[in-house]
Amino acid sequence: MTTQTTPLSGRPAWKALGEHYTQIRGTHLRQMFKDDPARGEKFTAEFGGIFLDYSKNRITDETVKLLLQLAEESGLKARAEAMFTGEKINITENRAVLHVALRAPKGESIFVDGEDVVPPVHAVLDKMSGFADRVRSGEWKGHTGKKIKNVINIGIGGSDLGPVMAYEALKHYTDRSLTFRFVSNVDGTDFAEAVEDLEADETLFLVASKTFTTLETMTNAHSAREWALKGLGGDETAIAKHFVAISTNAKEVSKFGIDTANMFEFWDWVGGRYSMDCAIGLSTMVAIGPENFRAMLGGFHAMDVHFRTAPLEKNLPVLMGLLTVWYTDFFNAQTVAVLPYEQYLKRFPAYLQQLTMESNGKHVTLSGTHVETETGPIYWGEPGTNGQHSFYQLIHQGTRLIPCDFIGFYKTLNTLGRHHDILMANVFAQAEALAFGKTAEEVKAEGVAEALVPHKVFEGNRPSNVILADKLTPEVLGKLIALYEHAVFTQGTIWSIDSFDQWGVELGKVLATRILGELESDKELTHDTSTNALIEKYRKNK
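Naming follows an unreviewed UniProt entry, where the chain appears as Glucose-6-phosphate isomerase of Granulicella sibirica. Under the heading Sequence similarities (unreviewed entry), UniProt records this for the chain: "Belongs to the GPI family."

## A few points about the domain arrangement of the chain
Here the chain is partitioned into domain 1 (8-74 + 310-495), domain 2 (113-288) and domain 3 (506-540). The distance between the C-alpha centroids of domain 2 and domain 3 comes to 33 Å.

## Re the pattern of salt bridges
In the structure shown here, the tally under the stated rule is 26 salt bridges. The salt bridge involving Glu93 is made with Arg95; its shortest N-O contact spans 3.6 Å. Of the charged contacts in the structure, one is a salt bridge between Asp304 and Arg103, with a shortest N-O distance of 2.7 Å. Placement of Asp304 in helix 13 (residues 290-309) and of Arg103 in the loop between helix 5 (76-84) and strand 3 (111-112) is noted, with a sequence separation of 201 residues between them. The burial state of Asp304 is the same as that of Arg103; both residues are buried.

## What to know about the packing of aromatic side chains
With the rule as written, the count across this model stands at 27 aromatic pairs. Each ring, one from Trp14 and one from Phe330, has its centre 4.7 Å from the other, and the planes form 45°; the classification is tilted. Of this pair, Trp14 sits in helix 1 (residues 12-24) while Phe330 sits in helix 14 (residues 316-330), placing them 316 residues apart in sequence. Since its relative accessible area comes to 11%, Trp14 is described here as buried. By relative accessible area, which is 12% here, Phe330 ends up buried. Aromatic side chains Trp326 and Phe330 sit 5.2 Å apart centroid to centroid with 40° between the ring planes, which places their arrangement in the tilted category. Highlighted residues: Trp326 and Phe330, both in helix 14, separated by four residues, approximately one helical turn. The residues Trp326 and Phe330 share a single accessibility class, namely buried.

What counts, and at which threshold
Residues numbered from 1 in each chain as written. Predicted model: local features only at pLDDT ≥ 70, side-chain atom pairs only at ≥ 80, totals over all residues. Heavy atoms only, no water. UniProt positions renumbered as here; feature names shortened; annotations may be inferred. Domains from an automatic or database assignment. Salt bridge = Lys/Arg side-chain N within 4 Å of Asp/Glu carboxyl O. Helix = DSSP H or I, 4+ residues; strand = E, 2+ residues; numbered from the N terminus. Buried < 20%, exposed > 50% of the residue type's maximum accessible area, 1.4 Å probe, protein only. Phe/Tyr/Trp six-rings, centres within 6.5 Å; stacked < 30°, edge-to-face > 60°.

See below:
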């Protein structure tokens with residue numbers, strides 16, 4: 001496909017947005033709501049039970065019009081269509097970007113290099129379903145004939161963050177007779193604590209590494225192998241009963257001792273941070289069952305279709321992506337806070353960190369030139385209401401502008417007295433407080449001493465989105481994740497960057513491999529003086 005060649009600064013809507021920003025940057029949300037009493041209903045969008053209220057953003061009708069014009073001038077629809085039809089839009093690796101194929105229904109066709117990839121996707125899903133059913137039913141037995149009680153996923157990056165997040169998010173739907181743990185950090189403590197109270201003959205390891213050579217993952221996998229053999233009497237044939245692989249490297253998988261019949265594959269057109277709905281999600285399927293997993297895929301697919309077909313002005317991912325560009329590049333906002341008011345979503349912000357920052361943390365455009373603007377804001381957050389007693393002070397009264405996404409649900413999965421009403425009251429209160437604040441006059445009217453008035457003023461004018469859904473189901477989780485995936489895509493298209501490579505992770509890995517050999521030997525050191533001194537100090541004290 002043809003990539004966007006017009007520099008961002010050369011697009012008419014971008015210039016108009018710059019002029020528009022100077023006109024409205026001093027306008028307070030209080031005034032915006034006063035001038036347009038209907039904005040609370042007007043600046044909303046809804047699809048498939050996901051409701052977005054974006055009225056508490058520092059925008060007007062003109063802002064939205066210009067942002068949508070920018071999306072059109074940037075070729076957003078064409079680039080999205082290129083992704084959905086299997087064009088190789090990841091230009092630095094010459095790869096298609098087809099996480100959308102992982103949730104395409106049977107009967108659809110998406111071609112890459114002349115091959116329809118949908119049938120093999122469903123073949124793997126069917127294989128995963130059979131495996132999950134055998135583990136969940138107890139049909140899959142360990143080496144000594146015992147039923148599997150513990151499942152440990154070993155991976156890193158996208159092979160860990162997605163499965164961990166999904167397990168926590170959907171814990172309500174999991175089989176509680178099974179224990180699930182996740183090992184990712186090469187720090188030996190991570191593995192040691194994961195297996196501390198487990199028995200090897202009841203434990204199954206899922207090793208997730210496309211190449212089966214990832215340093216951190218395979219270091220942990222070999223430690224798991226040693227631990228399992230020790231607990232299973234040293235019989236090498238036991239490995240096949242206690243390990244399965246999520247990989248494409250049959251040779252290395254077999255060499256490890258895993259039966260390649262228990263190898264679940266995925267493809268190079270799936271980026272790690274977009275892979276939780278393929279074989280990487282095997283632990284999720286074992287935990288919640290194939291039916292719930294397919295419901296999650298249905299949620300993903302529904303949002304995919306919405307993003308692909310809905311008009312830009314009603315398109316939830318497009319609106320959210322454009323608002324992030326608006327704040328990042330015109331208001332100089334450096335972060336976005338994602339604040340789920342749902343304890344099950346406690347790992348959702350951590351998951352989004354990789355999705356957003358590994359995707360759009362780029363300083364070079366598709367054409368190889370340096371970007372003209374800021375890209376890739378920092379995403380972070382914690383569940384409410386915990387965060388209110390932690391970092392909300394800075395969001396409300398600090399000097400930094402931090403756009404916020406509040407995520408809430410009409411219904412709770414665990415009815416307990418007034419808990420849910422109190423929780424949701426806080427969602428609406430925080431968004432209102434951020435937007436409108438509290439003036440000095442309002443503080444004085446409460447009889448506050450003059451000296452304390454400045455300390456109790458809330459400036460307000462701090463933007464937020466409120467995202468609401470009925471309750472947290474597998475389907476809704478799929479929609480929420482795809483919502484952010486396509487919002488990230490929208491941002492990357494506006495900035496003309498490749499959101500699907502991650503060369504930034506390479507240099508540190510290469511240097512670490514080199515330094516590892518130096519830590520374990522007395523090789524001559526040729527680094528900078530600081531690194532040399534640190535290596536020498538470690539050698540001396542380890």
